[in-house]
Each structure stands twice: as C-alpha cells, then as structure tokens.
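Inside the fold
Take a look at the letters that make up each chain.
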Amino acid sequence: MILACAGIFFVSCEKDELDQSIEESAVITHDEVSQDVLEKIASLHFNPEGAKMEKLLMPDGTFEKSYFIEGDIAMTAEQMNEMSPENVQSKQYRTYNLVYSPRTINVIGFTGGGGQGLTTKQRTALQWTIDNYNALNIGLRFTLTFGTNYDPYDIVVYQNPNGQVGGVAGFPSGGNPYKYVQIYSGMEKYDNNTNEHVLTHEIGHSVGLRHTDWFSRQSCGQSGESAGSDGAVHIPGTPTGYDSNSIMLACFGSSEDGEFGYYDRVALNYLY
C-alpha cells in the first residue's frame, strides 16, 4: 500500500512500516504560512501543499526559523526572495542555485552530544553516500571526516533526535552547498541502504537537485496538486515523465538500495 505522505503519514507509517512509501520529513501543514508566501512558493515551481514555518534544529542545539517546503526542503524567507521564477529549472529537476564547480566539498559527520551525533549506522550510510557521489567523477569531489568542529566544513551531517523518519536540507546559496543536512533519528529502524538513500537524497538537495516529482508527488501516491506553472528547462538526456528509479523522488520505500537511478547520474554529470 502507498500512503499519501502529507498530513496523515507519520501516524500511519509507524503502525505499518513495511512496503510503505515514506516521506523525507516530518508532518507539516500550511496553517502558519500566509497566502502571499504560498503564492511565492508556487511561483518558484515548488509544491505549496503542506508548507509550514518550522524551527530548524542546528548542530549546536539552537533553532533557526525556516519554511519547510515539499516535506524536506528548508528555506528562509531571504533565500526564497533570492530565487527568481525564471531561474528555476527542471527534469531531472534542479534549482538555478548550483554549487560552483569544479571544487572540493568538505563534509563532516557530526559526532557531538545532545542526541545529534550520528549513530554507527548513519556514519556507515554517510560514507557510502560520499563514495557514491565521488564515483560519479563529476566536477564536485567530496571529502569526509567525523568530529564536532563543523564550522570550517562545507556540509555538516547530523541527527535530529525527533523520532521521525526522513531528513531535511536546503539549496545552495552563493555558489556553496547548503550546509546543514539532517537525518532523523527514526531512520535507525531501517537498514544501512535506506539510511544511505535518505542521506544521498538530502545531499542532492544541498547541491541543487529538486524532487523529480515535485509537480505531482506521485511517489507519495498523490497527483494533481497545484505547484505553479511548469516554466522549467529540461536537462538533456533525462526523461520528461515520472522516473520511478530516481533517488530524488519526494517519498521513498522501506527497502531502498541507496543508489542513484540512471537518470540521476545523467543529470549530475550534465550539471557538474
């Protein structure tokens, strides 16, 4: 059975986790988001359904207010205002905001306290994730270390001890990847490969990839949701329809292999 993953998802999925479609973040609604902001989200070709203002947990335990969009994308009002509708590009979908390339991206897996340090399983999954990106041989090369001094690093990956399933990240800014990539502590119930899937997906956002099914959330069992007009530009060599093998689908199953789909690799090689 495939669940519609907005609103009712986490109550349902915690009761029956096998063979479900799992959303990449927590339950969210748009009760706290003004109509103007919802229209802005739609104008940027994001799906406004479920958008909410949330407190984004930082590695040091502080919080930063951000809009949570499409389940697992964090974006401040300033970042939203920096984006132009004409500069949002698609399938495989990406934002106009990309990382300067070629370059090395230094990643740290956080090992600090407060329930935010990565577990052994999450560390293994992160190592596999970085290996997958480096195997692409694109203009982005990734290094990985583990520790607590995350300030000098381009990306810090850490756990949110909220007991939920999925993760959250944001999009590049100023030519740099989004720095704060979370994996939720509920992922400990799943195997290394499914954890690898979530981390690969979230780092995909961090370097500029969109959900491949943002327009319909078909991977979540949904369709026909308003997401603004599709004025996007097709990435050559990728499909214009639903790609069931993409690691950047909005929802995922409980038995993922954690690997890029063929067209994910095509897209990343084209962009970088």
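So, a few notes on the structure that sits alongside this text. (Residues numbered from 1 in each chain as written. Predicted model: local features only at pLDDT ≥ 70, side-chain atom pairs only at ≥ 80, totals over all residues. Heavy atoms only, no water.)

Describing the overall build of the protein chain
Along its length, the protein chain carries six helices and ten strands. The buried share among the 272 residues of the protein chain stands at 56%. Looking at the protein chain as shown, the accessible area adds up to about 10800 Å², and 47% of this sits on carbon and sulfur atoms. (Helix = DSSP H or I, 4+ residues; strand = E, 2+ residues; numbered from the N terminus. Buried < 20%, exposed > 50% of the residue type's maximum accessible area, 1.4 Å probe, protein only. Areas by Shrake-Rupley, 256 points an atom, 1.4 Å probe, with all protein chains shown as cover.)

A short note on the side chain of Asp 264
Counting through the fold element by element, Asp 264 comes out in helix H6 (residues 262-271). Buried and unpaired, Asp 264 has Arg 265 as its nearest opposite-charge partner, separated by 6.9 Å. Within the structure, the side chain of Asp 264 is placed 2.8 Å from the side chain of Ser 246, a separation counted as a polar contact. A polar contact of 2.9 Å, which involves the side chain of Asp 264, links it to the backbone nitrogen of Gly 261. (Lys, Arg positive; Asp, Glu negative; His and termini not counted. Salt bridge = Lys/Arg side-chain N within 4 Å of Asp/Glu carboxyl O. Polar contact = N/O pair within 3.5 Å; in protein donor to acceptor, adjacent residues only side chain to side chain.)

Some words on the pairing of strand E2 (residues 52-57)
As paired strands, E2 and strand E3 (residues 63-69) are joined by six bridges and run antiparallel to one another. Each residue of the ladder has a partner; that of Lys 55, found in E3, is Lys 65. Connecting E2 to the antiparallel partner E3 that follows it, the hairpin turn spans five residues, and Gly 61 within it adopts a positive phi of roughly 90 degrees. (Pairing = 2+ DSSP bridges.)

Here we look at the nonpolar core
Counting residues in each nonpolar core, the largest one holds 45 residues, and the members touching the most others are Ile 105, Leu 140, Phe 142, Val 157, Leu 268 and Tyr 272. Of all the secondary structure elements, the ones that give two or more residues to this core are strand E5 (103-110), helix H4 (120-135), strand E6 (140-147), strand E7 (155-160), strand E9 (180-184), helix H5 (192-206) and H6. The contacts of Val 157, once residues within four sequence positions are left out, are Val 107, Ile 108, Gly 109, Phe 110, Leu 118, Leu 126, Val 181 and Leu 199. Formed by 13 residues, the second largest nonpolar core is a distinct cluster that contains Ile 41, Phe 46, Ile 69 and Met 75. (Core = buried A, V, L, I, M, F, W, Y, C linked by side-chain atoms within 4.5 Å. Contact = heavy atoms within 4.5 Å.)

Let's talk about the packing of aromatic side chains
Describing an aromatic ring pair means giving the distance of the ring centres and the angle of the ring planes. As enumerated under the stated definition, the model contains four aromatic pairs in all. A ring pair is formed by Tyr 133 and Phe 142, whose centres lie 5.2 Å apart and whose planes are at 45 degrees; its orientation type is tilted. Owing to a relative accessible area of 7%, Phe 142 belongs among the buried residues under this scheme. Ring geometry for Tyr 133 against Phe 260: centres 4.9 Å apart, planes inclined by 90 degrees, an arrangement best described as edge-to-face. (Phe/Tyr/Trp six-rings, centres within 6.5 Å; stacked < 30°, edge-to-face > 60°.)

Observations regarding the pairing of E6
Inspection of the sheet shows E5 paired to E6 by eight bridges, in the parallel sense. Opposite Phe 110, over in E6, you have Gly 147 as the bridge partner. Running through H4, the crossover from E5 to the neighbouring parallel element E6 is right-handed. (Right-handed = clockwise from strand over helix to strand, strands pointing away.)

Observations regarding the environment of Gly 163
You can see Gly 163 is positioned in the loop between E7 and strand E8 (167-168). Along the backbone, Gly 163 and Tyr 184 are 21 residues apart, and their C-alpha atoms lie at a distance of 6.5 Å.

Some words on the sheet that holds strand E4 (residues 73-75)
Read from one edge to the other, the open sheet built from three strands follows the order E2-E3-E4, with strand pairing classed as antiparallel. Both edges of this open sheet fall to E2 and E4, since each of them pairs with a single strand only. Each strand axis lies, on average, 50 degrees off the axis of its neighbour in the sheet, ignoring direction. As defined by bridge partners, E3 adjoins E4 across three bridges and the pair is classed as antiparallel. From the neighbouring strand, Ile 69 faces E4, where its bridge partner is Ile 73. (Axes fitted to C-alpha atoms, helices over the stretch in contact; angles between N-to-C directions.)

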